[in-house]
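Understanding the architecture of this molecule
The chain contents come next:
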Amino acid sequence: MQNIIQTTAALQPPPRDIRGIQPGLQASHEGPPSLWPNFLNGQPGQPVRVLLIDDDPHIRKVISQELLGDLRTDVVGEASNMREGRRLISQLEFDVMLVDLNLGDGTGFDLIDHMKTVRPMAEAVVISALEDEEHALRAFTLGATGYFVKNSWFGNFPEAVLQVANGGASITPHLARRLLHKLQNGQDPGHPSNGTSNKRLSDREKEVLKMVAAGYTSNEIGARLAVSCQTVNSHIKNIYRKLHVRSRAQAVSYAAHRGLF
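The following paragraphs examine the structure supplied in this document. Nothing here was measured: the structure is a model prediction, and the numbers come from that model. (Residues numbered from 1 in each chain as written. Predicted model: local features only at pLDDT ≥ 70, side-chain atom pairs only at ≥ 80, totals over all residues. Heavy atoms only, no water.)

1. What to know about the pattern of salt bridges
- Scanning all chains against the criterion turns up 9 salt bridges.
- Note that Lys150 and Asp54 form a salt bridge whose closest N and O atoms lie 2.9 Å from each other. Highlighted residues: Lys150 in helix H5 (residues 150-153) and Asp54 in the loop between strand E1 (48-53) and helix H1 (57-68), separated in sequence by 96 residues. For the pair Lys150 and Asp54, one class covers both residues: buried.
- Between Arg204 and Glu207 there is a salt bridge, and its shortest N-O distance comes to 3.1 Å. Remark: Glu207 and Arg204 occur in helix H8 (residues 203-213); sequence separation between them is 3 residues, near one turn of the helix.
- Among the charged side chains, a network of salt bridges with common partners joins Asp54, Asp100 and Lys150. (Salt bridge = Lys/Arg side-chain N within 4 Å of Asp/Glu carboxyl O. Helix = DSSP H or I, 4+ residues; strand = E, 2+ residues; numbered from the N terminus. Buried < 20%, exposed > 50% of the residue type's maximum accessible area, 1.4 Å probe, protein only.)

2. Considering the packing of helix H2 (residues 82-91) against helix H3 (residues 108-118)
- Contact pair H2 / H3: the axes reach a minimum separation of 10 Å and the direction vectors enclose 15 degrees. Our classification of the angle between H2 and H3 gives roughly parallel. Where H2 crosses over H3, the two elements pack in a sense that is right-handed. Contact residues: H2 offers Met82, Gly85, Arg86, Ile89 and Ser90, while H3 offers Asp110, Leu111, His114, Met115 and Val118.
- Along the lines of polarity and charge, the residues of the contact of H2 with H3 split into 5 nonpolar, 3 polar and 2 charged. (Axes fitted to C-alpha atoms, helices over the stretch in contact; angles between N-to-C directions. Parallel < 35°, antiparallel > 145°, perpendicular 65-115°, else oblique. Left-handed = near helix turned anticlockwise from the far one by under 90°. Contact = heavy atoms within 4.5 Å. Nonpolar A, V, L, I, M, F, W, Y, C, P; charged D, E, K, R; others polar.)

3. Some words on unusual backbone geometry
- Even without being a glycine, Ala226 presents a positive backbone phi close to 60 degrees.
- Mapped onto the elements of the fold, Ala226 is located in the loop between helix H9 (218-225) and helix H10 (229-243).
- In this structure Ala226 comes out as exposed when scored by relative accessible area, which is 70%.

4. Considering the packing of aromatic side chains
- The final tally for this structure, using the stated rule, is 1 aromatic pair.
- Between Arg72 and the ring centre of Trp36, over which it is positioned, the NZ or CZ distance is 4.5 Å.
- In this arrangement the basic side chain of Arg138 is found over the ring face of Phe109, its NZ or CZ atom lying 4.1 Å from the centre. (Phe/Tyr/Trp six-rings, centres within 6.5 Å; stacked < 30°, edge-to-face > 60°. Lys NZ or Arg CZ within 6 Å of the ring centre and 35° of its normal.)

5. A few points about the side chain of Glu66
- With respect to the secondary-structure elements, Glu66 resides in helix H1.
- In this structure, Glu66 is buried with no salt-bridge partner, the nearest side chain bearing the opposite charge being Arg72 at 11 Å.
- Only 3.4 Å separates the side chain of Glu66 from the backbone nitrogen of Phe157, close enough to count as a polar contact. (Lys, Arg positive; Asp, Glu negative; His and termini not counted. Polar contact = N/O pair within 3.5 Å; in protein donor to acceptor, adjacent residues only side chain to side chain.)

6. What about the pairing of strand E5 (residues 146-149)?
- Burial along E5 is two-sided: the face carrying Gly146 and Phe148 and the face carrying Tyr147 and Val149 are both buried.
- When strand E4 (residues 123-128) meets E5, the two strands line up parallel, connected through 4 bridges. Bridging from a neighbouring strand, Val125 pairs with Gly146 of E5.
- For the segment spanning E4, helix H4 (residues 133-142) and E5, crossover handedness is right-handed.
- Relative to strand E6 (residues 170-171), E5 runs parallel, the two sharing 2 bridges. Within E6, the position partnered with Gly146 by the bridge is Ser170. (Pairing = 2+ DSSP bridges. Right-handed = clockwise from strand over helix to strand, strands pointing away.)

The following block contains the structure:
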């Protein structure tokens, strides 16, 4: 489920002002790899916009510095609790929300649910100290497209953000392995409780879903099938509707459990 794109050859950009970051936080972009394809989201001058919500100021600083060290990603706002997070979700334009599950005055689950209602096109990614299948599956059910354990992802947050912003999903490898193990052993890792849909997936929809499961982005799927990205996203929306799911990760889990591949 993890398909983080690795690239090289960083550019050296001019200094830039950092706005919306904690006082005293110094960070500058080191530039994106020059080989980054120009058709992908996250380009110099038009980075993927990230909203960061975590009650640990040290964690926020580390993640912000990583994201600001790459011209393909930017931090447009930070919050330390659920109340402030809800306010920023309503006020800011962003593409990806990185959110901790434990926020003191609420949970990241509440914010994911709220975000999907207010900004359904934005992606939600959990950053948690808990490497737990139950928490991950609940987040996926609410519409998250990523779940990673904090200590295992330092140094990789820009790549993870770019992955989900381009139609993929990111999950901590050890956790992904455990979820796959449950599927392979016939255990139910937590699929939607709406019941089996009476609407069958078309052959093309199954083909698209298989590529989603393999970690391909919408653009990559479109290139392989010789169709537009919009057509691929239309297929994915139909898959969501037929399977009664709200995210790619949930669709893949449901389809694998039901033997739809």
